[in-house]
2 protein chains.
Amino acid sequence: MYKANITITLRPSILDPEGKTIEQSLHQLGYGDVHNIRMGKHVEVDVDAGTEKEAREIVDTICSKLLANPVMEDYTFRVEKLQVAVER
Amino acid sequence: MYKANITITLRPSILDPEGKTIEQSLHQLGYGDVHNIRMGKHVEVDVDAGTEKEAREIVDTICSKLLANPVMEDYTFRVEKLQVAVER
(Lines give C-alpha, C1' and ligand atoms only; values in the text may rest on other atoms or scores of the structure.)
Protein backbone atom coordinates (compact mmCIF):
# COMPACT_ATOMS: atom_id res chain seq x y z
CA MET A 1 0.00 0.00 0.00
CA TYR A 2 1.35 3.38 -1.02
CA LYS A 3 0.32 6.90 -0.14
CA ALA A 4 0.41 9.65 -2.75
CA ASN A 5 0.50 13.38 -2.05
CA ILE A 6 -0.62 15.23 -5.15
CA THR A 7 -0.33 18.97 -5.75
CA ILE A 8 -2.40 20.50 -8.52
CA THR A 9 -1.66 24.09 -9.52
CA LEU A 10 -3.05 26.47 -12.10
CA ARG A 11 -0.67 27.04 -15.01
CA PRO A 12 1.23 30.32 -14.65
CA SER A 13 -0.56 31.84 -17.65
CA ILE A 14 -4.02 31.24 -16.12
CA LEU A 15 -5.53 34.03 -14.02
CA ASP A 16 -6.40 33.09 -10.43
CA PRO A 17 -9.31 35.23 -9.18
CA GLU A 18 -9.54 33.25 -5.90
CA GLY A 19 -5.89 33.96 -5.10
CA LYS A 20 -6.35 37.61 -6.07
CA THR A 21 -9.32 37.96 -3.72
CA ILE A 22 -7.43 36.39 -0.83
CA GLU A 23 -4.48 38.68 -1.52
CA GLN A 24 -6.75 41.74 -1.34
CA SER A 25 -8.30 40.50 1.91
CA LEU A 26 -4.86 39.99 3.43
CA HIS A 27 -3.80 43.49 2.40
CA GLN A 28 -6.96 44.93 3.98
CA LEU A 29 -6.20 43.00 7.16
CA GLY A 30 -2.82 44.71 7.27
CA TYR A 31 -0.62 42.01 5.74
CA GLY A 32 0.85 44.04 2.89
CA ASP A 33 3.98 41.92 2.56
CA VAL A 34 2.31 39.02 0.75
CA HIS A 35 2.00 38.90 -3.02
CA ASN A 36 1.23 36.62 -5.96
CA ILE A 37 -1.07 34.28 -4.10
CA ARG A 38 -1.98 31.25 -6.20
CA MET A 39 -4.49 28.70 -5.02
CA GLY A 40 -4.21 25.03 -5.90
CA LYS A 41 -5.44 21.66 -4.74
CA HIS A 42 -3.79 19.12 -2.52
CA VAL A 43 -4.98 15.52 -2.76
CA GLU A 44 -3.98 12.60 -0.55
CA VAL A 45 -4.77 9.11 -1.75
CA ASP A 46 -3.89 5.57 -0.72
CA VAL A 47 -3.00 3.28 -3.62
CA ASP A 48 -3.15 -0.50 -3.55
CA ALA A 49 -0.20 -1.51 -5.71
CA GLY A 50 2.58 -4.07 -5.62
CA THR A 51 5.45 -1.77 -6.48
CA GLU A 52 6.18 1.94 -6.29
CA LYS A 53 6.39 2.09 -10.09
CA GLU A 54 2.89 0.62 -10.38
CA ALA A 55 1.57 3.07 -7.77
CA ARG A 56 3.13 6.02 -9.64
CA GLU A 57 1.48 4.88 -12.88
CA ILE A 58 -1.94 4.67 -11.24
CA VAL A 59 -1.55 8.12 -9.66
CA ASP A 60 -0.36 9.64 -12.93
CA THR A 61 -3.38 8.19 -14.73
CA ILE A 62 -5.99 9.37 -12.22
CA CYS A 63 -4.41 12.84 -12.21
CA SER A 64 -4.55 13.21 -15.96
CA LYS A 65 -7.96 11.52 -16.36
CA LEU A 66 -9.92 13.02 -13.48
CA LEU A 67 -8.18 15.12 -10.83
CA ALA A 68 -6.45 17.77 -12.94
CA ASN A 69 -7.72 19.79 -15.86
CA PRO A 70 -5.07 19.18 -18.54
CA VAL A 71 -5.74 22.52 -20.24
CA MET A 72 -5.44 24.76 -17.19
CA GLU A 73 -3.58 22.83 -14.52
CA ASP A 74 -0.25 21.15 -13.82
CA TYR A 75 0.28 18.42 -11.26
CA THR A 76 3.15 16.92 -9.32
CA PHE A 77 3.09 14.09 -6.82
CA ARG A 78 5.15 12.19 -4.30
CA VAL A 79 4.57 8.49 -3.55
CA GLU A 80 5.71 6.81 -0.34
CA LYS A 81 5.28 3.32 1.05
CA LEU A 82 2.78 3.10 3.88
CA GLN A 83 3.98 1.26 6.96
CA VAL A 84 1.59 -1.59 7.64
CA ALA A 85 1.09 -2.09 11.36
CA VAL A 86 0.35 -5.82 11.21
CA GLU A 87 3.90 -7.04 11.75
CA ARG A 88 5.52 -9.36 14.35
CA MET B 1 11.77 37.84 -0.98
CA TYR B 2 10.65 34.38 0.08
CA LYS B 3 8.23 31.91 -1.43
CA ALA B 4 5.97 29.83 0.78
CA ASN B 5 4.23 26.61 -0.23
CA ILE B 6 1.35 25.99 2.14
CA THR B 7 -0.64 22.77 2.43
CA ILE B 8 -3.99 22.90 4.22
CA THR B 9 -5.67 19.60 5.04
CA LEU B 10 -8.88 18.63 6.78
CA ARG B 11 -8.29 17.15 10.22
CA PRO B 12 -8.49 13.35 10.18
CA SER B 13 -11.67 13.36 12.28
CA ILE B 14 -13.54 15.58 9.79
CA LEU B 15 -15.57 13.88 7.04
CA ASP B 16 -14.55 14.79 3.49
CA PRO B 17 -17.55 14.46 1.15
CA GLU B 18 -15.61 15.91 -1.81
CA GLY B 19 -12.90 13.26 -1.47
CA LYS B 20 -15.56 10.56 -1.06
CA THR B 21 -17.29 11.65 -4.27
CA ILE B 22 -14.04 11.64 -6.22
CA GLU B 23 -13.23 8.18 -4.85
CA GLN B 24 -16.61 6.86 -6.05
CA SER B 25 -16.07 8.42 -9.49
CA LEU B 26 -12.65 6.81 -9.76
CA HIS B 27 -14.06 3.42 -8.79
CA GLN B 28 -16.78 3.79 -11.44
CA LEU B 29 -14.11 4.67 -14.00
CA GLY B 30 -12.39 1.39 -13.19
CA TYR B 31 -9.71 2.60 -10.77
CA GLY B 32 -10.59 0.40 -7.82
CA ASP B 33 -7.12 0.50 -6.29
CA VAL B 34 -7.41 3.99 -4.82
CA HIS B 35 -8.80 4.64 -1.36
CA ASN B 36 -9.10 7.25 1.39
CA ILE B 37 -9.03 10.26 -0.89
CA ARG B 38 -8.76 13.50 1.10
CA MET B 39 -8.94 16.88 -0.57
CA GLY B 40 -7.02 19.86 0.71
CA LYS B 41 -5.75 23.21 -0.44
CA HIS B 42 -2.36 24.21 -1.74
CA VAL B 43 -1.41 27.89 -1.53
CA GLU B 44 1.67 29.56 -3.00
CA VAL B 45 2.56 33.01 -1.76
CA ASP B 46 5.51 35.38 -2.11
CA VAL B 47 6.49 37.09 1.13
CA ASP B 48 8.48 40.31 1.39
CA ALA B 49 10.61 39.76 4.49
CA GLY B 50 14.17 40.36 5.54
CA THR B 51 14.87 36.97 7.06
CA GLU B 52 13.49 33.47 6.73
CA LYS B 53 12.33 33.60 10.36
CA GLU B 54 10.32 36.76 9.66
CA ALA B 55 8.82 35.18 6.52
CA ARG B 56 7.82 32.07 8.50
CA GLU B 57 6.12 34.23 11.13
CA ILE B 58 4.11 36.10 8.49
CA VAL B 59 3.05 32.87 6.79
CA ASP B 60 2.09 31.28 10.10
CA THR B 61 -0.04 34.31 10.96
CA ILE B 62 -1.91 34.49 7.64
CA CYS B 63 -2.56 30.74 7.79
CA SER B 64 -4.08 30.88 11.24
CA LYS B 65 -5.94 34.18 10.67
CA LEU B 66 -7.34 33.72 7.18
CA LEU B 67 -6.28 30.76 5.06
CA ALA B 68 -7.06 27.82 7.34
CA ASN B 69 -10.10 27.11 9.48
CA PRO B 70 -8.58 26.45 12.92
CA VAL B 71 -11.44 24.19 13.96
CA MET B 72 -11.46 21.87 10.96
CA GLU B 73 -8.10 22.20 9.26
CA ASP B 74 -4.38 21.71 9.84
CA TYR B 75 -1.66 23.44 7.86
CA THR B 76 2.01 22.94 7.12
CA PHE B 77 4.30 25.08 5.03
CA ARG B 78 7.76 25.29 3.51
CA VAL B 79 9.56 28.61 2.98
CA GLU B 80 12.39 29.09 0.51
CA LYS B 81 14.41 32.11 -0.58
CA LEU B 82 13.51 33.37 -4.03
CA GLN B 83 16.43 33.99 -6.37
CA VAL B 84 16.28 37.62 -7.46
CA ALA B 85 17.32 38.01 -11.08
CA VAL B 86 18.55 41.61 -10.79
CA GLU B 87 22.21 40.85 -10.18
CA ARG B 88 25.43 42.19 -11.88
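What counts as what
- Residues numbered from 1 in each chain as written.
- Chains lettered and ligands numbered in written order.
- Predicted model: local features only at pLDDT ≥ 70, side-chain atom pairs only at ≥ 80, totals over all residues.
- Heavy atoms only, no water.
- Helix = DSSP H or I, 4+ residues; strand = E, 2+ residues; numbered from the N terminus.
- Buried < 20%, exposed > 50% of the residue type's maximum accessible area, 1.4 Å probe, protein only.
- Contact = heavy atoms within 4.5 Å.
- Areas by Shrake-Rupley, 256 points an atom, 1.4 Å probe, with all protein chains shown as cover.
- Buried area = accessible area lost by both parts, 1.4 Å probe.
- Salt bridge = Lys/Arg side-chain N within 4 Å of Asp/Glu carboxyl O.
- Pairing = 2+ DSSP bridges.
- Axes fitted to C-alpha atoms, helices over the stretch in contact; angles between N-to-C directions.
- Expected span 1.5 Å × (residues − 1).
- Arc of directions from axis to C-beta.

**Student:** Please clarify how the overall build of chain A should be interpreted in this entry.
**Tutor:** When helices and strands are counted, chain A shows two helices and three strands. Taken from the N to the C terminus, the helices and strands of chain A come in the order β-α-β-α-β. Expressed along its principal axes, the backbone C-alpha trace of chain A runs to roughly 55 × 35 × 15 Å. When burial is assessed residue by residue, chain A has 40% of its 88 residues classed as buried. Pairs at least 24 apart in sequence give 70% of the contacts found in chain A among residues at least 6 apart. Entry remark: accessible area of chain A is about 5400 Å², with carbon and sulfur atoms responsible for 52%.

**Student:** Whenever I open this one, unusual backbone geometry confuses me. Can you help?
**Tutor:** Most of the time, phi is negative for any residue but glycine, and the peptide bond is trans. With a phi angle near 50 degrees, Asn36(A) is a residue other than glycine that sits in the positive phi range. Summarising the element assignment, Asn36(A) is placed in strand 2 (residues 34-47).

**Student:** What is the right way to look at the interface of chain B and chain A in this model?
**Tutor:** Often, the extent of an interface is quoted as the loss of accessible area upon association of its parts. Between chain B and chain A, the contact holds 29 residues from the first and 29 residues from the second. When chain B packs against chain A, close to 2600 Å² is buried across both sides, 67% of that on carbon and sulfur atoms. In terms of surface lost to chain A, no three residues of chain B exceed Tyr31(B), His42(B) and Leu66(B), which account for 20% of the buried area on that side. Counting across the interface, chain B meets chain A through zero salt bridges. Of all elements in the fold, only strand 1 (2-10), helix 1 (17-28), strand 2 (34-47) and helix 2 (52-67) of chain B reach the threshold of two or more residues within the side of chain B that touches chain A. Here the element with the most residues in the side of chain B that touches chain A is strand 2 of chain B; it accounts for 14 residues.

**Student:** Please clarify how the sheet that holds strand 2 of chain A should be interpreted in this entry.
**Tutor:** In a beta sheet, neighbouring strands are held together by backbone hydrogen bonds and run either parallel or antiparallel to one another. One open sheet holds the six strands; their spatial order is 3(A)-1(A)-2(A)-2(B)-1(B)-3(B), and the pairing between them is antiparallel. Unpaired on one side and paired on the other, strand 3 (73-81) of chain A together with strand 3 (73-81) of chain B mark the two borders of the sheet. The average angle at which neighbouring strand axes cross in this sheet is 20 degrees, direction not considered. The sheet contacts of helix 2 (residues 52-67) of chain A involve strand 1 (2-10), strand 2 and strand 3 of chain A together with strand 2 of chain B, and relative to strand 3 of chain A the element is tilted by about 155 degrees.

**Student:** Got a minute to help me understand helix 1 (residues 17-28) of chain A in this structure?
**Tutor:** Since one α-helical turn is 3.6 residues long, residues separated by three or four positions face the same way. Between its first and last C-alpha, helix 1 of chain A extends 17 Å over 12 residues, near the 16 Å set by a 1.5 Å rise per residue. Of the residues making up helix 1 of chain A, those classed as buried are Gly19(A), Ile22(A), Glu23(A) and Leu26(A). An end-on view of helix 1 of chain A places all buried positions within 105 degrees of arc, on one side of the element. Residues of helix 1 of chain A that are exposed and point more than 90 degrees away from the buried face comprise Pro17(A) and Gln28(A). Its buried side turned inward, helix 1 of chain A meets strand 2 of chain A together with helix 2 of chain B. Among the residues trailing helix 1 of chain A, Gly30(A) stands out with phi positive, at a value near 105 degrees.

**Student:** Looking at this model, I keep getting lost on the environment of Val71(A). Mind explaining?
**Tutor:** Along the chain, the position of Val71(A) falls in the loop between helix 2 and strand 3. Each C-alpha atom, one on Val71(A) and one on Glu54(A), is 26 Å from the other, the two residues being 17 residues apart in sequence.

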